[in-house]
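# An overview of the molecular structure
Spelled out from the first residue to the last, the chains are:
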Amino acid sequence: ADTALPPQVSMFALPDGLSAKPGCPLPTFYVVIFTSNAGRRLYCAVLCFHEELSEEVLEKMIVRAAPGDKQQDEVREHLRGRKLWIPKSLCVLSHYPFYYPCREFLKQLYRISLTASRLPLERYVCNFVQEVPLPPQGRIKVQWSIAGEILTLQRAPPNEI
């Protein structure tokens, strides 16, 4: 990596923290721009979604959070029959403001994660990061496909005086 990962990425990836919700909010997309002391920008595209908390994980959380058996039983009774949802985020960091392609890439990655796929998600990420070239400035476009969607990267031409 040519740039250190800003320590604030986790704060922006999960702006509400890691708190369980009683309902499943819709996925949200947003962009955060980090600027270094040297003035270099790093664009962070984030897709935040929620997944249902499994009963095994919930039980582990109850045991850690409630010190006594009586308190654990009270928490279990309070949560009986309820579903809890925890936030997760997918992020792409780039030196270039490719907002729309990153948004579509993250949407397709999320969609693939919800269905059975022949390939692991990591393969799609690897393809995007290592095999999709950065287009030169100008009129050249780079296109690639993910889950049947064709995405395009294009950089503006350099300013001419």
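Computed from a predicted model, the values in this text were never measured in an experiment. (Residues numbered from 1 in each chain as written. Predicted model: local features only at pLDDT ≥ 70, side-chain atom pairs only at ≥ 80, totals over all residues. Heavy atoms only, no water.)

This next bit is on the environment of Arg103. Here Arg103 lies in helix α4 (residues 99-113). Residue class for Arg103 comes out partly exposed when judged on its relative accessible area of 35%. Each C-alpha atom of the pair Arg103 and Leu47 lies 7.5 Å from the other, and the pair is 56 residues apart in sequence. (Helix = DSSP H or I, 4+ residues; strand = E, 2+ residues; numbered from the N terminus. Buried < 20%, exposed > 50% of the residue type's maximum accessible area, 1.4 Å probe, protein only.)

This part covers the sheet that holds strand β2 (residues 41-52). Strand order in the open sheet made by the three strands is β1-β2-β3, with antiparallel pairing throughout. The sheet terminates laterally at β1 (28-35) and β3 (85-94), the two strands that pair on one side only. Put simply, the sheet's adjacent strands are angled 25° from each other on average, direction ignored. Pairing analysis gives 10 bridges linking β2 to β3, with the strands arranged antiparallel. Within the sheet, the bridge partner assigned to His50 lies in β3 and is Pro87. Most of the contacts of α4 go to β2, to which it runs at about 25°, and overall it touches β1, β2 and β3. (Pairing = 2+ DSSP bridges. Axes fitted to C-alpha atoms, helices over the stretch in contact; angles between N-to-C directions. Contact = heavy atoms within 4.5 Å.)

Another point: the pattern of salt bridges. Under the criterion given, the structure shown has three salt bridges. The salt bridge involving Glu131 is made with Arg123; its shortest N-O contact spans 2.7 Å. Taking the relative accessible area as the measure of exposure, Glu131 reaches 44% and is therefore partly exposed. (Salt bridge = Lys/Arg side-chain N within 4 Å of Asp/Glu carboxyl O.)

As far as function goes, none of this settles anything; it's purely spatial.
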